[in-house]
Amino acid sequence: MPEGLNSDLNLNVGAPPRVRPQMGEWGPLDVPPTRRKKRARWWAILAFVLAIAAVCGYGYWIYTLIR
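Peer 1: I'm lost on the overall build of the protein in this one. Help?
Peer 2: Counting secondary structure elements, the protein contains one helix and zero strands. In terms of principal-axis extent, the alpha carbons of the protein reach across some 75 × 30 × 25 Å. Within the protein, the proportion of its 67 residues that are buried is 1%. Counting every atom, the protein has about 6,800 Å² of accessible surface; 64% of that belongs to carbon and sulfur. Averaging the positions of the 9 positive and the 4 negative side-chain charges in the protein gives two centres separated by 20 Å.

Written out as C-alpha cells, the structure reads:
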C-alpha cells in the first residue's frame, strides 16, 4: 500500500526531544485537556471584548468632554 494513504499517528516525528511531551501509560503527561483549552478560548474572547468596550467607552467619554 502506498505510504501517502496511511496516516502516521506519531506526531512527534521531527520534533526535538526537549519539546516532546512525556508519555504516560494512557497518553501524554502535562498536556491540558480539551475542556480547559475551550474554557481558555472563551475567557480570551471575553477579555478581548471587554477591552474593546473599555477603549470605546473611554473614547466616547473623551469625545463628550471635548465636544
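Peer 1: In this structure, what is going on with the packing of aromatic side chains? I would like to understand it.
Peer 2: The geometry of an aromatic ring pair is captured by the separation of the ring centres together with the interplanar angle, meaning the angle of the planes. Overall, the coordinates contain one aromatic pair when judged by the stated rule. Taking the centre distance of 5.9 Å and the plane angle of 45 degrees together, the rings of Tyr-58 and Trp-61 count as tilted. Linking Tyr-58 with Trp-61, this pair stays in helix 1 (residues 34-66), spanning three residues, or about one helical turn. Tyr-58 gets classed as exposed once you look at its relative accessible area, which sits at 52%.

Peer 1: Even after reading the chapter, I still don't get unusual backbone geometry, so can you show me in this structure?
Peer 2: Peptide bonds are trans in most cases, and residues, glycine excluded, mostly fall at negative phi. One non-glycine residue, Asp-30, adopts positive backbone phi at about 60 degrees. Considering the arrangement of structural elements, one finds Asp-30 in the segment before helix 1. Residue classification places Asp-30 among the exposed residues on the basis of a relative accessible area of 77%.

Peer 1: What's the story with a nonpolar patch on the surface in this structure? I'm lost.
Peer 2: Together, Trp-42, Ile-45, Phe-48, Val-49 and Ile-52 give the surface a local cluster of nonpolar side chains, amounting to about 560 Å² of exposed area. Relative to the helices and strands, Ile-52 resides in helix 1. Its relative accessible area of 41% is what places Ile-52 among the partly exposed residues.

Peer 1: Looking at this structure, I do not really get a positive patch on the surface. What am I missing?
Peer 2: A cluster of like positive charges, contributed by Arg-35, Arg-36, Lys-37, Lys-38, Arg-39 and Arg-41, occupies part of the molecular surface. Residue classification places Arg-39 among the partly exposed residues on the basis of a relative accessible area of 46%.

Peer 1: What is the right way to look at the environment of Val-31 in this model?
Peer 2: On the secondary structure map, Val-31 appears in the segment before helix 1. Distance in space between the C-alpha atoms of Val-31 and Tyr-60 is 43 Å, their sequence separation being 29 residues.

Procedures and definitions
- All residue numbers refer to position in the chain's written sequence, counted from 1.
- With pLDDT at 70 or above as the cut-off, local features in this predicted model cover only qualifying residues; side-chain atom pairs require 80 or more to be listed or tallied, and sums for whole chains, interfaces and linings still use all residues.
- Hydrogen atoms and water are omitted, and side-chain values are computed over all heavy atoms in the structure.
- Under the scheme used here, helices are H or I runs from DSSP no shorter than 4 residues and strands are E runs no shorter than 2 residues, and both carry numbers assigned from the N terminus.
- Any residue under 20% of the maximum accessible area for its type is buried, any over 50% is exposed, and the rest in between are partly exposed; the area is computed with a 1.4 Å probe on protein chains only.
- With residues, only the protein chains shown are counted as cover, and all accessible areas are computed by Shrake-Rupley using a 1.4 Å probe.
- The sign given to each residue is positive for Lys and Arg and negative for Asp and Glu; His and the chain ends receive no count.
- For charged residues, the charge sits on one atom: NZ in Lys, CZ in Arg, CG in Asp, CD in Glu.
- Ring pairs are drawn from Phe, Tyr and Trp, using the six-membered ring of Trp, whenever the two centres fall within 6.5 Å, and their geometry is named by plane angle: stacked under 30 degrees, edge-to-face over 60, tilted for the rest.
- Only residues whose relative accessible area exceeds 30% and that form no salt bridge enter a patch; like-charged residues are grouped when within 9 Å of one another, and nonpolar side chains (Val, Leu, Ile, Met, Phe, Trp, Tyr) when within 5 Å.
- We count a salt bridge whenever a side-chain nitrogen from Lys or Arg sits within 4 Å of a carboxyl oxygen from Asp or Glu.

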